[in-house]
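Structural description and commentary
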Amino acid sequence: MDPELGGWRTELVAALHAPLSGVLGAKTAKEFTALRIHTVGDLLRHIPRRYLSGTELTDLATLTEGELVAVFARVARINRVDGSDGGPGRRPRPGRLEVLLTDGSGHLAVTFFGRTRLLHWWENQLSNGVAGLFVGKVGSFRGQLQMTHPEFVMLDAAGRIVGKSEEKARMATLAQSGLVGMYPATAKLPTWTVAECARLALATLPAAEDPWPDWVRERAGVLGLADAFTAVHAPLDLDQAERGAHRLRFDEAFATQLTMAYRRNDASAHSARPRVRLAGGILDAFDARLPFRLTSGQVEVSTAIFEELAQDRPMQRLLQGEVGSGKTVVALRAMLAVVDAGGQAALLAPTEVLAAQHYQTIKRLLGDLGGGRMLGAPEMATDVVLLTGSAPAAARRETLLRAASGEAGIVIGTHALLSDRVQFADLGLIVIDEQHRFGVEQRAVLTGKADAHPHLLVLTATPIPRSVAMTIFGDLSVSTLAEIPAGRQPVSTVVVDASLRPGWVERAWQRVTEEVAAGRQVFIVCPRIGGQGSADGLGVVELAEQLRTGPLADLRLGVLHGQLPSDTKDQVMAAFAGGELDVLVATTVIEVGVDVPNATMMVVWDADRFGISQLHQLRGRIGRGEHPGVCLLITRVPPGETARDRLDAVAATTDGFALAELDLEQRREGDVLGASQSGTRSSLRLLRVLDHADLIAEARELAEEAVRRDPQCRTPGFADAVRETGLLAEGDWLENG
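Keep in mind that what you see is a predicted model, and the values were worked out from it rather than measured.

What counts as what
- Residues numbered from 1 in each chain as written.
- Predicted model: local features only at pLDDT ≥ 70, side-chain atom pairs only at ≥ 80, totals over all residues.
- Heavy atoms only, no water.
- Helix = DSSP H or I, 4+ residues; strand = E, 2+ residues; numbered from the N terminus.
- Buried < 20%, exposed > 50% of the residue type's maximum accessible area, 1.4 Å probe, protein only.
- Contact = heavy atoms within 4.5 Å.
- Areas by Shrake-Rupley, 256 points an atom, 1.4 Å probe, with all protein chains shown as cover.
- Salt bridge = Lys/Arg side-chain N within 4 Å of Asp/Glu carboxyl O.
- Axes fitted to C-alpha atoms, helices over the stretch in contact; angles between N-to-C directions.
- Parallel < 35°, antiparallel > 145°, perpendicular 65-115°, else oblique.
- Left-handed = near helix turned anticlockwise from the far one by under 90°.
- Nonpolar A, V, L, I, M, F, W, Y, C, P; charged D, E, K, R; others polar.
- Arc of directions from axis to C-beta.
- Core = buried A, V, L, I, M, F, W, Y, C linked by side-chain atoms within 4.5 Å.
- Pairing = 2+ DSSP bridges.
- 1 Å grid on protein atoms, 1.4 Å probe; cavity = no way out; pocket = protein on both sides within 12 Å on 5 of 7 lines; lining within 4 Å.
- Points joined across faces, edges and corners; volume = space filled by probe spheres on them.
- Phe/Tyr/Trp six-rings, centres within 6.5 Å; stacked < 30°, edge-to-face > 60°.

Tallying secondary structure elements over the chain gives 26 helices and 22 strands in all. When burial is assessed residue by residue, the chain has 54% of its 737 residues classed as buried. Sequence separation of 24 or more characterises 72% of the internal contacts of the chain that already satisfy a separation of 6 or more. Entry remark: accessible area of the chain is about 31,900 Å², with carbon and sulfur atoms responsible for 49%.

Right, here's the structure in full:
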């Protein structure tokens, strides 16, 4: 590494990581943080959404309400309505300037409000121009699209600016260009300012070698990186702009796939202790006691896992499946196979509620096989222990001793498992539930607790489209459980329109009391703890109080949300699971892992504030026993709006993979992949994993060849890409290997 390049191996990549403040100044650079732009590279990868020709009028028919746009149009008509200065006891009334823009066929109304002198100035500017560039947000008035107080610059017949100012000069530069790039912008950073800043940043790039080797660029058929930046920010034509954007999309795909390929290569280089399945042990005893038959999918996935556990290379496998598809049983059988082979298994869960749920489920499934050395336990029995941060000191010490001695074959816990004090006698398998909630360093810490590299099994109940799995879990082999075991009850989902049919909400609460009267339990889920920002001001706290003193006054009602102390949350959840509460009003803390077979109904309040996959996860909490479930999605959003379409889609199908595809179509990849879910930057700015699945597949093939050619990652551009991908992901969704 060259110290002068800040640890980067290539000059161009180092230049792209230069702080934006060094180019634009601290004040302007700060404005760009609202767009998640911090470096020169961030700005240069912030490309226009579309391009307008500076010599062609905008097609006004393409405008939609709520869109921030720039339109190049002619002024068809101007009408000035003067205000009044007011009189005794009367307020001055501003006037308005009504402007009608045209593209030759369609029209767009533009309105300015102000005092007479200001209206006269605007009228003069607009009247002396032939055509103008207008930038603002499209609204509506009396059913017609309009813009109010847009920024504008007018050009006369000779192409000269009407009126002089620095801002108008910037706008005119765009309007007079061959192509006008329409950038994602903010109120403080209009598109012409973004364009000028991008060109300033472009001028700072050195005439340096491309980060990718010639053979990669030739095989991919892409422009050089410096040429690509020029192509998107100063294109001569649309074809050039698209070729530039294609190179930048390829870079995102290739960098991600290259990182994954090197991590697969690294994992294959580690040695693991083979854990060969033994006959006559605890696994066979467990299988013999199962009160149900494994599905064909469970058998198939288990066979693949047993084969990989028997290898001297660590297993790296992701197991995804619908809620209730039997992932826990598959994971438990893998853990028991490792115990039979003399090793230990650790199950890492993201929350104490979920860790405790796993502990109780596994203890229940094992019975006396999980009793360890207790009197009367079978000879092959193992101990199952739970380690959480809130456990009493004495219990923690006892658990730590059992893990360190090897007496506990299965250790279940939260982040507490990552503590330096936690040691294992022979850690052979790590099972991570809901992997996206753990970061790079956390995985590394747990892996480091084993002498040999432990095998890894990652579980997720979130259905993942193949293109996403290839992107975010590219270093793991993927298994899918699609078949639901026999005995799982159907869940019907109904959208309740609280605005059009308020009586249905009252009926929903009646339905809750009927369900409880039948001996069953109900979840009520709210998107927030307090109701600030909601249409009716009701969050968990307010809704619970309203129900407790109103329609559900005769029921035993509990409240659960993330701001409660851990011991209180555990007590409430235990009370609900134990049947001591009829109704649980909660936030999404119950989304994952909460298993209450007697819960048969769920009411989701303000359901439009949840995503598709989240709603699918939530309703997976019901219908887990012997009775069918019903899920009511209460909303005030009218039919036809996107948020309502999401709810209708969830009500129409229980196919989690179909819903995941739809969810991905409606959301940005950063949200789906995890990084921006925690408020951090995402490495995917331009790549749409559904739209660009073929590009991702092509990048994966090239990445595998890159690793074959350079297994040690000595190519400077490769090393920079792997480093950059890890930094951008910030430990949220990439594996540490």
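This next bit is on the pattern of salt bridges. Two side chains carrying opposite charge are able to pair once their charged atoms lie near each other. Considering all chains together, one arrives at 30 salt bridges under this definition. A salt bridge links Arg80 to Glu123; the shortest N-O distance between them is 2.8 Å. Of this pair, Arg80 sits in strand β2 (residues 68-81) while Glu123 sits in helix α5 (residues 116-127), and the two are 43 residues apart along the sequence. Accessibility expressed as a relative area gives 31% for Arg80, which makes it partly exposed. A salt bridge links Arg313 to Asp312; the nearest nitrogen and oxygen atoms lie 3.9 Å apart. What you see here is one network of salt bridges that share partners, running through Asp210, Asp214, Arg217, Arg247 and Asp251.

With that settled, the discussion passes to the packing of helix α13 (residues 327-340) against helix α14 (residues 352-366). How two helices sit against one another is set out by the angle between their axes and by the gap between those axes. For the pair α13 and α14, interaxial distance at closest approach is 11 Å and the crossing angle is 70°. It follows from the interaxial angle that α13 and α14 lie roughly perpendicular. For the crossing formed where α13 meets α14, the hand is right-handed. In this structure, α13 contributes Thr328, Val329, Leu332, Met335 and Leu336 to the contact, and α14 contributes His358, Thr361, Ile362, Leu365 and Leu366. Here the contact of α13 with α14 is composed, by residue class, of seven nonpolar, three polar and no charged.

Moving on: helix α19 (residues 540-548). Along an α-helix, a turn takes 3.6 residues, which lines up residues three or four apart on a common side. Along α19, the positions that sit buried rather than exposed are Val540, Leu543, Ala544 and Leu547. The arc that holds the buried residues of α19, viewed along the axis, is 100°, so those residues lie on one side. Packed against the buried residues of α19 are α18 (502-517), β18 (521-525), β19 (557-560) and β20 (583-586).

On the secondary structure map, Thr10 appears in the segment before α1 (11-16). What makes Thr10 buried here is its relative accessible area of 9%. Excluding anything up to four places from it in sequence, Thr10 contacts Leu5, Pro716, Gly717 and Asp720.

So, about the nonpolar core. Note that soluble globular proteins tend to have their nonpolar side chains buried in a common cluster. In terms of nonpolar packing, the biggest core is built from 36 residues, with Leu309, Met335, Leu366, Ile410, Leu429 and Leu457 touching the most fellow members. Of all the secondary structure elements, the ones that give two or more residues to this core are α11 (282-289), α12 (296-309), α13, β11 (344-348), α14, β13 (408-413), β14 (427-433) and β15 (455-460). Of the residues forming this core, the biggest block, nine residues, is contributed by α13. Excluding anything up to four places from it in sequence, Leu309 contacts Arg273, Pro274, Arg275, Met315, Ala334, Ala337, Val338, Leu429 and His455. By size, the runner-up hydrophobic cluster in this structure holds 34 residues, among which are Leu43, Leu189, Ala195 and Leu225.

Before going further, it helps to examine the sheet that holds strand β16 (residues 477-481). Spatially, β12-β13-β11-β14-β15-β10-β16 is the arrangement adopted by the seven strands of the open sheet, whose pairing is parallel. Only two strands of the sheet have a single neighbouring strand rather than two, namely β12 (383-387) and β16. Neighbouring strand axes in the sheet, compared pairwise and without regard to direction, differ in orientation by 20° on average. Two strands pair when backbone bridges link them, and strand β10 (residues 316-321) and β16 are joined in this way by five bridges, in the parallel orientation. Following the sheet pairing, Gly321 is matched in β16 by Leu481. Of the strands in this sheet, β10, β14, β15 and β16 touch α12, which is tilted by about 155° from β16.

Position of Gly221 among the secondary structure elements: in the loop between α8 (214-220) and α9 (225-233). For Gly221, a relative accessible area of 56% gives the class exposed. Separated by 29 residues in sequence, Gly221 and Phe250 have C-alpha atoms that sit 10.0 Å apart.

A few words now on empty space enclosed by the protein. Taken as a whole, this structure holds three cavities of 30 Å³ or more when the rule is applied. Roughly 50 Å³ of internal volume is contained in the second largest cavity. For the second largest cavity, the lining is made up of 10 residues, of which Leu179, Val180, Gly181, Arg199 and His233 are closest to its centre. Breaking the lining of the second largest cavity down by element, the ones donating at least two residues are β9 (179-182) and α7 (191-203). Per-element accounting of the lining of the second largest cavity gives the leading share, three residues, to β9. Its residues assigned to classes, the lining of the second largest cavity comprises seven nonpolar, two polar and one charged.

Neighbouring strands of a sheet are bound in pairs by backbone hydrogen bonds; such pairs are parallel or else antiparallel. Taken in spatial order, the six strands line up as β17-β22-β21-β18-β20-β19 in an open sheet, and their pairing is parallel. On the outer flanks of this sheet lie β17 (491-497) and β19, each paired with one strand and no other. Mean inter-strand twist for the sheet, computed between neighbouring axes without regard to direction, equals 20°. Where β19 meets β20, four bridges bridge the pair, whose relative direction is parallel.

Taken as a whole and assessed by the stated rule, the structure comprises nine aromatic pairs. Here Phe134 and Phe152 contribute two aromatic rings whose centre-to-centre distance is 5.8 Å and whose plane-to-plane angle is 20°, an arrangement assigned as stacked. In this pair, Phe134 sits in strand β5 (residues 131-141) while Phe152 sits in strand β7 (residues 151-155), placing the two residues 18 residues apart along the sequence. Neither Phe134 nor Phe152 differs from the other in exposure class; each is buried. Consider the rings of Trp509 and Trp605, whose centres lie 6.0 Å apart with planes at 20°: the pair is stacked. Separated by 96 residues along the polypeptide, Trp509 in helix α18 and Trp605 in the loop between β21 (599-604) and α21 (612-619) bring together distant segments of the chain. Taken as a pair, Trp509 and Trp605 share a single burial class, namely buried.

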